[in-house]
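# Descriptive analysis of the structure
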2 protein chains.
Amino acid sequence: MQRKFQAIYDLIAREIQAEKMEAGQLLPSENELTERFETSRETVRKALQLLSQNGYIQKLQGKGSVVLEQNKLPLPVSGLTSFKELARSMSQTVETQVLALKQKLAEGYIQEVLQCEKGTPVWELHRLRKLDGEAVIYDKDLLLAACAPALTEAIARDSIYDYLEQDVGLSISYARKEVVVEEAGSADAEVMDMGGYQQLAVVRSAVYLEDTTLFQYTESKHRPDKFRFVDFARRTK
Amino acid sequence: MQRKFQAIYDLIAREIQAEKMEAGQLLPSENELTERFETSRETVRKALQLLSQNGYIQKLQGKGSVVLEQNKLPLPVSGLTSFKELARSMSQTVETQVLALKQKLAEGYIQEVLQCEKGTPVWELHRLRKLDGEAVIYDKDLLLAACAPALTEAIARDSIYDYLEQDVGLSISYARKEVVVEEAGSADAEVMDMGGYQQLAVVRSAVYLEDTTLFQYTESKHRPDKFRFVDFARRTK
DNA sequence: CAGTGGTCTAGACCACCAA
DNA sequence: TGGTGGTCTAGACCACTGC
């Protein structure tokens, strides 16, 4: 199965990103796209709906689909994006240092945030992210060990999501996130370059698999001057 | 036109919110819903897709649609939600004070952020939001005057979105948002109760109409301890 | 194997926009 | 008025799940 609507989406999204389609221009009509891709109109519409959701186009009844301006400097902590994917879009030098990687048995706080049985094996992972040599992001992860049997420092330094999705074959599906600003604790100040700041932007995420298992809880602390969260949202009526 | 899929969505969403459907339970199958609502399966699927997007359910191929746990304390600055809608879900007392409401002609900074012609009439609106008597949110709005001809202090104190959508008949469509943490300026400290904090969580939004007109630019500054941004995100592959 | 959701089709009618 | 997108239908075949 190759998913026609996905192929149509990819093609048009790439053209917009490559600015072969300029902002303000109209896409070919749905009927025209239906002919061009030799498919049905509903399939074309699925592709266009995806483009609309992701901020590529705006559909106008009676007129057509307008190409929207693309965000420059996309630094999306929004959506479900890992640090590695994020780092790619930044020009700065990026380095990840693994401070701790050990298995524990769930109890108390861990048991609570992962909503699992007492005694469930869990990975505890602490990582420090350096931009241009400065330690400005501090990630603490808790993961169900059953989902990531062979986690290593090398994987943690690279990308956990790549490992889980490509090697273990897990399907990460959705997450609930929360962004707040909190006082930096003494433990934070010990490992991070605080640069005189006393507060941290904290992103807490609960990440779920396709079968609705909660398998990861992450606390990501950012030095405020290095923090930015961008979002594209449609009005729901 | 009453949109069947919307009616099905509303009904199921309300049942989940009212916890008539418990988290973990399976929804009736698509075929069963098709019969129950006397419609076609594609229409049922449109409703279920909406429920999935908004975090109500998770679809599992071969099994069914699982009801997800609802967020307690939904305080969504995420999505496109106005202060009034937001305030409703909070137990605290809420008060809005209009500090300034005047028309200007666009130039320089205003012209740039609203991407309009020099000399375009623009509303400039400053509002202070008080929770439990403390001034903890400071909103600065710029709006195209052409879209909101008769803006008054009373409207600004109530809800601009209600006025625009219900009275003027505008359709707000989407927004790009950015969250950052910044130093509080002396002007901010003068009007806000800073409670010893030196920094502010700043949400900048550009809001667009259905015809892709950029009509509002907002800067919303929150005292860090009163700021919270929650998000539901699906992984895009 | 039967039942589930995932994809796709060909056609219909409607609401909206511009000429 | 003709073209656009919005909604809906009835049916088909596929992939996956659990028994």
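In this text, all values refer to a predicted model and were calculated from it rather than measured experimentally.

### Remarks on the side chain of Thr34 of chain B
Residue and element names in this part refer to chain B. As for its placement among the helices and strands, Thr34 is situated in helix 2 (residues 30–36). According to the relative accessible area criterion, Thr34 is buried, its value standing at 15%. The contact partners of Thr34, leaving out residues within four places of it in the chain, are Thr39, Ser40, Arg41 and Val44.

### Overview of the protein's contact with DNA strand D
Taken together, 24 residues surround DNA strand D, and among them Glu30, Arg41 and Glu42 of chain A together with Lys4 and Thr39 of chain B come closest. Near the protein, meaning within 4 Å, the atoms of DNA strand D are sugar or phosphate in a fraction of 65%, with bases accounting for the rest. At 2.7 Å, a backbone N or O of Glu30 of chain A approaches a phosphate oxygen of DNA strand D. Side-chain polar atom of Thr43 of chain B to a phosphate oxygen of DNA strand D: 3.0 Å apart, as the coordinates give it. Secondary-structure elements contributing two or more residues to the surface near DNA strand D are helix 2 (30–36), helix 3 (41–53) and strand 1 (57–60) of chain A together with helix 1 (4–17) and helix 3 (41–53) of chain B. Tallied by class, the residues present in the surface near DNA strand D amount to three nonpolar, ten polar and eleven charged.

### Some remarks on the protein's contact with DNA strand C
In the vicinity of DNA strand C lie 24 residues, with Lys4 and Thr39 of chain A together with Glu30, Arg41 and Glu42 of chain B positioned nearest. Counting only the atoms of DNA strand C within 4 Å of the protein, the fraction contributed by sugar and phosphate is 65%. One of the side-chain nitrogen or oxygen atoms of Thr39 of chain A is found 2.2 Å away from a phosphate oxygen of DNA strand C. In the environment of DNA strand C, a base nitrogen lies 2.7 Å from a nitrogen or oxygen atom belonging to the side chain of Arg41 of chain B. Put simply, the parts of the chain that give the surface near DNA strand C at least two residues each are helix 1 (4–17) and helix 3 of chain A together with helix 2, helix 3 and strand 1 (57–60) of chain B. When its residues are assigned to classes, the surface near DNA strand C shows three nonpolar, ten polar and eleven charged.

### Some words on the packing of helix 1 of chain A against helix 3 of chain A
All names here are of chain A. At their nearest, the axes of helix 1 and helix 3 sit 8 Å apart, and the two run at 45° to each other. For the element pair helix 1 / helix 3, the angle class is oblique. Note that helix 1 runs across helix 3; the crossing there is right-handed. Residues Lys4, Phe5, Gln6, Ile8, Tyr9, Ile12 and Ala13 of helix 1 lie in contact with helix 3, whose contacting residues are Thr43, Val44, Lys46, Ala47, Leu48, Leu50 and Leu51. Of the residues belonging to the contact of helix 1 with helix 3, the class tally is ten nonpolar, two polar and two charged.

### Things to note about the relation of the copies chain B and chain A
Rotating chain B by 180° and moving it 0.0 Å along the rotation axis overlays it on chain A with an RMSD of 0.0 Å. Those values place the two copies in the arrangement expected of a two-fold rotation axis.

### Considering the pattern of salt bridges
Counted according to the given criterion, the structure contains 32 salt bridges over all chains. With a shortest N-O distance of 2.8 Å, Lys59 of chain B and Glu30 of chain B are connected by a salt bridge. Separated by 29 residues along the polypeptide, Lys59 of chain B in strand 1 and Glu30 of chain B in helix 2 bring together distant segments of the chain. Note on Glu30 of chain B: relative accessible area 15%, which makes it buried. Here Arg36 of chain B ties to Glu32 of chain B by a salt bridge, and the two come within 3.2 Å at their closest N and O atoms. A residue pair is termed a helical-turn pair when its members lie 3 or 4 positions apart in one helix, as Arg36 of chain B and Glu32 of chain B do in helix 2 at four residues. Residue classification places Arg36 of chain B among the exposed residues on the basis of a relative accessible area of 53%. Connected through shared salt-bridge partners, Glu178, Glu182, Asp188, Arg204, Glu219 and Lys221 of chain A make up one network.

Criteria and cut-off values
- Residues numbered from 1 in each chain as written.
- Chains lettered and ligands numbered in written order.
- Predicted model: local features only at pLDDT ≥ 70, side-chain atom pairs only at ≥ 80, totals over all residues.
- Heavy atoms only, no water.
- Helix = DSSP H or I, 4+ residues; strand = E, 2+ residues; numbered from the N terminus.
- Buried < 20%, exposed > 50% of the residue type's maximum accessible area, 1.4 Å probe, protein only.
- Contact = heavy atoms within 4.5 Å.
- Near = heavy atom within 4 Å.
- Polar contact = N/O pair within 3.5 Å; in protein donor to acceptor, adjacent residues only side chain to side chain.
- Nonpolar A, V, L, I, M, F, W, Y, C, P; charged D, E, K, R; others polar.
- Axes fitted to C-alpha atoms, helices over the stretch in contact; angles between N-to-C directions.
- Parallel < 35°, antiparallel > 145°, perpendicular 65-115°, else oblique.
- Left-handed = near helix turned anticlockwise from the far one by under 90°.
- Least-squares fit on C-alpha atoms with pLDDT ≥ 70 in both.
- Salt bridge = Lys/Arg side-chain N within 4 Å of Asp/Glu carboxyl O.

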